[in-house]
Structure formats: structure tokens, C-alpha cells
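Now for the letters of each chain:
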Amino acid sequence: MKNKVLLILALVIGALVLYSFIEITQDPWPVPAKYENMKNPVKGDKECLSIGKSLYNKHCKSCHGKEGLGDGPKAAQLDTPSGDFTSEEFQSQSDGALFYKSLIGRDDMPNYEKKIPDEEDMWCIVNYMRTFE
């Protein structure tokens, strides 16, 4: 009996060690050059950031979290990580890339072309996401 417990314990510890070496990766998310090079036409002023925050809270917070850490209440249900908006990797993306990914979506990330049809509103969300540094 003691040997079985030790064997199970060893297997569990081994599995945890192995899991710690596995890095969860996501396929690269290609952004068309049109969007990658697109400049944000909307000034990130107080009014825009207020609009961006309101829309973020309505459409994004449930997965991406209140502070953009990717820890929203629905994040655990996703097949892919929802990302950390405070990370250098995220913040180093162009505004156009963030606009494209937020608007078009892929996999677990929904398409918002119909839910947020006003491009200025989407740019305000991009401006708001920039505050998560």
C-alpha cells in the first residue's frame, strides 16, 4: 500500500514538473500591412478614454479583466490565453494591429464589426488599452 502511494505521489510530482516546462504558446496572429501601418486618427483625450473604458467594460472586461491582465471571469473558459495588455509584447504592437485584432477577432476573440460599428469607438478602445502599461 505504501509503495502505491509513493508511486502515485511520484507520478503526480513528475507530471507537475513536466507541465511547468511546457509553455503555452499561441500561433502568431498575422496583421495585414494595411492595418499594421494604420495610424490612430483619434486623439486619446479624456472624452475618448471615457468612451473606450465604457466599451471595454461592456465588451472586453469579462475575458481580459478589469486591468487588462487577461484574468477576467470568462478567461478560464477560453481555449487560448486572453493576453496581458500590460506586457511589453502587447504594448509594442502598433495601434493599427490592436485595432485590427480587436475589430476582426479570431478563435476565442469575437468579431466586433457589428457590435461596435463606429470605427472611432474602436479607436477609443485602443487608446484605453494603452493605459494598461
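Provided above is the structure to which this section pertains.
Residues numbered from 1 in each chain as written. Predicted model: local features only at pLDDT ≥ 70, side-chain atom pairs only at ≥ 80, totals over all residues. Heavy atoms only, no water.

A word on helix H6 (residues 95-104)
In terms of burial, H6 is largely enclosed, as 8 of its 10 residues are buried. Within H6 the residues assigned to the buried category are Gly-96, Ala-97, Leu-98, Phe-99, Tyr-100, Lys-101, Ser-102 and Leu-103. On the buried face of H6, the contacting elements are helix H2 (33-36), helix H5 (88-91) and helix H7 (119-129). Remark: Gly-105 follows H6 within two positions and exhibits a positive phi of approximately 70°. (Buried < 20%, exposed > 50% of the residue type's maximum accessible area, 1.4 Å probe, protein only. Helix = DSSP H or I, 4+ residues; strand = E, 2+ residues; numbered from the N terminus. Contact = heavy atoms within 4.5 Å.)

Structural notes on the packing of helix H3 (residues 46-59) against H7
Where H3 contacts H7, the axes come no closer than 7 Å and their chain directions differ by 90°. The pairing of H3 with H7 is recorded here as roughly perpendicular in orientation. Contacts between H3 and H7 involve Cys-48, Leu-49, Ile-51, Gly-52, Lys-53, Leu-55 and Tyr-56 from the first element and Asp-121, Cys-124, Ile-125, Asn-127 and Tyr-128 from the second. Residues that form the contact of H3 with H7 fall into these classes: 8 nonpolar, 2 polar and 2 charged. (Axes fitted to C-alpha atoms, helices over the stretch in contact; angles between N-to-C directions. Parallel < 35°, antiparallel > 145°, perpendicular 65-115°, else oblique. Nonpolar A, V, L, I, M, F, W, Y, C, P; charged D, E, K, R; others polar.)

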